[in-house]
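Breakdown of the fold
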2 protein chains.
Amino acid sequence: MLAENAVTTSDKTFLALRGDIVDGAISAGSKLNESELSAKYQVSRAIIRESINRLEAANLVERKANIGAKVVTLTHQGLIQLYQVRESLEGMAARLAATNMSDNEITRLNQLLNTHAEDVMGPQSYYQEAGDVDFHYRIVLGSHNQHLISMLMHNIYHLVRMYRVQLGMAGPRVTTAFYEHQHIVQAISNRDPELAEMLMRRHITYSMKNIENKLRNLQ
Amino acid sequence: MLAENAVTTSDKTFLALRGDIVDGAISAGSKLNESELSAKYQVSRAIIRESINRLEAANLVERKANIGAKVVTLTHQGLIQLYQVRESLEGMAARLAATNMSDNEITRLNQLLNTHAEDVMGPQSYYQEAGDVDFHYRIVLGSHNQHLISMLMHNIYHLVRMYRVQLGMAGPRVTTAFYEHQHIVQAISNRDPELAEMLMRRHITYSMKNIENKLRNLQ
DNA sequence: TGGGGGTATATTGTCGACAATTAAAAGCGT
DNA sequence: ACGCTTTTAATTGTCGACAATATACCCCCA
């Protein structure tokens with residue numbers, strides 16, 4: 001599951017900070033004071049600075065020379081642009097997965113889908129968040145493309161999660177999304193790259209339209 | 001031209017290091033010794049470390065905790081994976097450009113193309129590198145998508161250039177590529193997103209196949 | 001002579017202090 | 001009282017030193 005083993009204190013601090021930003025414990029748009037954070041997380045300013053640099057690379061923070069760093073603000077336009085990139089990259093991931101996933105990987109992907117099927121049919125569907133994430137991760141990894149994997153895992157998904165968490169995304173679309181997942185897996189199982197890409201792109205587009213409705217209030 | 005104004009010494013050092021890596025002055029695969037670089041560039045180790053972190057984010061360097069950083073190695077597979085990402089992102093950029101570029105921007109894009117036409121028809125075609133880069137930049141910026149722009153400019157293009165420089169890419173395909181550019185601009189001028197994306201993806205695929213031949217020697 | 005353990009060296013990780021820059025406050029004149 | 005200049009405070013940028021980890025070397029032993 002790609003264990004992000006944090007060996008150094010810088011790693012741990014980065015993960016802690018990232019978690020607090022994604023969860024909203026450090027609110028969107030707020031300024032990051034290095035000395036303050038240094039005291040809060042009990043590490044030197046050098047560590048904080050390194051973490052902030054990594055957060056900037058992860059698109060969670062914006063930095064200006066001699067002025068400082070701010071947590072990104074969540075906007076309607078920002079969400080749209082983020083999902084356009086997702087559509088592009090995950091579409092390609094699905095395309096490559098159809099060619100590059102091993103038979104074994106595909107078997108396990110189908111098993112994952114069956115697990116989700118039970119959840120969807122069951123009483124309460126705790127599917128959405130965790131299940132959806134699992135599914136997308138599996139396909140991205142199945143692309144066997146290091147750049148693609150790295151970009152999505154490090155530069156995109158945490159920001160996506162930040163939108164989801166802070167805008168309270170857990171809504172309907174559970175069963176609908178499930179069937180879309182099913183069709184994507186079918187295309188991959190059939191080793192049909194073109195179709196897999198197209199279905200994934202549509203799936204992400206729909207998903208965006210769904211979220212978009214929930215934040216007409218954001219400018 | 002997106003002036004990367006480097007205000008701080010850290011910025012300057014980063015740019016210097018990046019240039020040396022892309023150009024091969026610091027050879028691919030070699031280890032980066034922090035103290036050594038600190039002496040070479042006349043700055044503290046803190047600056048070097050920050051620069052190395054940024055280079056890692058730019059996919060030009062790989063870092064391991066407590067062990068150190070190495071310049072990436074150029075491989076056949078690495079090139080393919082890089083171009084797959086390019087195809088994905090620039091395809092989307094072309095699609096968005098067809099919708100989002102202003103009439104003014106499109107006019108200037110056509111002018112750029114005319115300039116290149118003269119070069120291609122002229123005696124020596126110094127077109128390839130600079131011209132190609134200009135063209136692609138213009139379209140990426142035309143997408144008006146900040147994530148897309150940032151990813152390509154900071155995380156992809158410098159590595160692409162590193163492959164080009166170090167594998168001595170300047171070859172034929174000058175006029176061929178020009179006509180492909182022409183068709184892409186036509187699609188954008190016609191406000192046809194679907195076609196613009198398709199043509200850009202093909203253009204990049206062809207370009208990769210062309211480069212691929214030149215490095216059968218790389219494993 | 002070859003291998004394992006332990007010491008020495010080199011390299012990276014972390015820290016606190018100083019310098020440079022920016023933002024805020026005070027002082028001044030009109 | 002208002003606007004401009006000067007001074008002060010706060011924050012970021014840079015540095016050299018110390019700590020922790022990994023690598024290289026040497027010695028000892030079978």
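Refer to the structure above for everything that follows.
A few points on the structure. (Residues numbered from 1 in each chain as written. Chains lettered and ligands numbered in written order. Predicted model: local features only at pLDDT ≥ 70, side-chain atom pairs only at ≥ 80, totals over all residues. Heavy atoms only, no water.)

Comments concerning the overall build of chain A
Scanning chain A for helices and strands turns up nine helices and three strands. Listing every helix and strand of chain A by position from the N terminus yields α-β-α-α-β-β-α-α-α-α-α-α. Taking all 219 residues of chain A together, the buried fraction comes to 49%. Considering only contacts within chain A whose residues lie at least 6 apart along the sequence, 75% involve residues at least 24 apart. (Helix = DSSP H or I, 4+ residues; strand = E, 2+ residues; numbered from the N terminus. Buried < 20%, exposed > 50% of the residue type's maximum accessible area, 1.4 Å probe, protein only. Contact = heavy atoms within 4.5 Å.)

Concerning helix H9 (residues 193-213) of chain A
Turn by turn, an α-helix covers 3.6 residues, leaving residues three or four places apart pointing in a common direction. End to end, H9 of chain A covers 31 Å across 21 residues, agreeing with the expected 30 Å (1.5 Å per residue, within 8%). What H9 of chain A keeps buried is the set Ala-196, Glu-197, Met-200, Arg-201, His-203, Ile-204, Ser-207, Met-208, Ile-211 and Glu-212 of chain A. (Expected span 1.5 Å × (residues − 1).)

Let's talk about the environment of Glu-105 of chain B
Residues and elements named next belong to chain B. Tracing the chain through its elements places Glu-105 in helix H5 (residues 103-121). Along the chain, Glu-105 and Val-160 lie 55 residues apart, while their C-alpha atoms are 25 Å from each other. A distance of 2.9 Å separates the side chain of Glu-105 from the backbone nitrogen of Ser-102, its partner in a polar contact. (Polar contact = N/O pair within 3.5 Å; in protein donor to acceptor, adjacent residues only side chain to side chain.)

Here's the deal with the interface of chain B and chain A
Quite often, the size of an interface is put as the accessible area lost when its parts meet. Between chain B and chain A, the residue contacts involve 29 residues of the former and 29 residues of the latter. With both sides pooled, the region where chain B packs onto chain A buries about 2300 Å², and carbon together with sulfur makes up 56% of that total. Where chain B meets chain A, there are four salt bridges. Applying the counting rule to chain B against chain A returns eleven residue pairs in polar contact (both at pLDDT 80 or more). Mapped onto the side of chain B that touches chain A, the elements with two or more residues apiece are helix H3 (45-57), helix H4 (76-100), helix H7 (146-166) and helix H9 (193-213) of chain B. Residue composition of the side of chain B that touches chain A, by class: twelve nonpolar, eleven polar and six charged. (Buried area = accessible area lost by both parts, 1.4 Å probe. Salt bridge = Lys/Arg side-chain N within 4 Å of Asp/Glu carboxyl O. Nonpolar A, V, L, I, M, F, W, Y, C, P; charged D, E, K, R; others polar.)

A few points about the sheet that holds strand E1 (residues 31-32) of chain A
Residue and element names in this part refer to chain A. One open sheet holds the three strands; their spatial order is E1-E3-E2, and the pairing between them is antiparallel. One side of each edge strand has no neighbouring strand; the edge strands of this open sheet are E1 and strand E2 (61-64). Of the strand pairs in this sheet, E2 and strand E3 (residues 68-71) are connected by four bridges, and their pairing is antiparallel. Bridging across to E3, Glu-62 finds its partner in Lys-70. (Pairing = 2+ DSSP bridges.)

Brief notes about the relation of the copies chain B and chain A
One copy of the chain maps onto the other through a rotation about an axis followed by a shift along the same axis. Relative to chain A, chain B is turned by 180 degrees and slid 0.0 Å along the rotation axis, the superposed coordinates differing by an RMSD of 0.0 Å. The relationship between the two copies is best expressed as a two-fold rotation axis. Distance from the rotation axis, computed per C-alpha, reaches its smallest value in chain B at Ser-88 of chain B: 2.8 Å. (Least-squares fit on C-alpha atoms with pLDDT ≥ 70 in both.)

Some points on the protein's contact with DNA strand C
The full set close to DNA strand C counts 20 residues, and Thr-8 and Thr-9 of chain A together with Lys-31, Arg-45 and Arg-49 of chain B are the nearest of them. For DNA strand C, the fraction of atoms within 4 Å of the protein that belong to sugar or phosphate moieties is 72%. Between DNA strand C and Arg-63 of chain B, the relevant distance is 3.1 Å, taken from a phosphate oxygen to a side-chain nitrogen or oxygen of the residue. Broken down by secondary-structure element, the contributors of at least two residues to the surface near DNA strand C are helix H1 (9-23) and helix H3 (45-57) of chain A together with strand E1 (31-32) and H3 of chain B. Of the residues belonging to the surface near DNA strand C, the class tally is seven nonpolar, eight polar and five charged. (Near = heavy atom within 4 Å.)

A look at the protein's contact with DNA strand D
Neighbouring DNA strand D are 20 residues, the closest being Lys-31, Arg-45 and Arg-49 of chain A together with Thr-8 and Thr-9 of chain B. Note that a phosphate oxygen of DNA strand D is positioned 3.3 Å from one of the side-chain N or O atoms of Asn-33 of chain A. Contact distances for DNA strand D include 3.0 Å between a phosphate oxygen and a backbone N or O atom of Ser-44 of chain B. Of all elements in the fold, only E1 and H3 of chain A together with helix H1 (9-23) and H3 of chain B reach the threshold of two or more residues within the surface near DNA strand D. Tallied by class, residues from the surface near DNA strand D come to seven nonpolar, eight polar and five charged.

As for the sheet that holds strand E3 (residues 68-71) of chain B
All names here are of chain B. Reading across the sheet, the three strands line up as E1-E3-E2 and stay open at both edges, with antiparallel pairing between neighbours. The sheet is open, and its two edges are formed by E1 and strand E2 (61-64), each paired on a single side. Inspection of the sheet shows E1 paired to E3 by two bridges, in the antiparallel sense. Its bridge partner lying in E3, Lys-31 is registered against Lys-70.

Observations regarding the packing of aromatic side chains
Two descriptors summarise a pair of aromatic rings, namely the distance from one centre to the other and the angle between the planes of the rings. Scanning the entire structure with this criterion turns up four aromatic pairs over all chains. Relative to Tyr-179 of chain B, the ring of Phe-178 of chain B lies with its centre 5.4 Å away and its plane at 65 degrees, an arrangement referred to as edge-to-face. (Phe/Tyr/Trp six-rings, centres within 6.5 Å; stacked < 30°, edge-to-face > 60°.)

Here's the deal with unusual backbone geometry
The phi dihedral of Asn-59 of chain A falls on the positive side, at around 65 degrees, and the residue is not glycine. For Asn-59 of chain A, the location among the structural elements is in the loop between H3 and E2.

Let's talk about the pattern of salt bridges
All names here are of chain A. Enumeration over the complete set of coordinates arrives at 28 salt bridges over all chains. Measuring nitrogen to oxygen at the nearest pair gives 3.5 Å for the salt bridge that ties Asp-23 to Arg-161. Linking Asp-23 in helix H1 with Arg-161 in helix H7 (residues 146-166), this pair joins segments that are 138 residues apart in sequence. Overall, Asp-23 belongs to the partly exposed group, its relative accessible area being 47%.

Some thoughts on the side chain of Glu-197 of chain A
Mapped onto the elements of the fold, Glu-197 of chain A is located in helix H9. Using a relative accessible area of 5% as the deciding quantity, one classes Glu-197 of chain A as buried. Sequence-distant contacts of Glu-197 of chain A, that is, excluding residues within four places in its chain, are made with Gly-91, Met-92, Ala-94 and Arg-95 of chain A together with Arg-201 of chain B.

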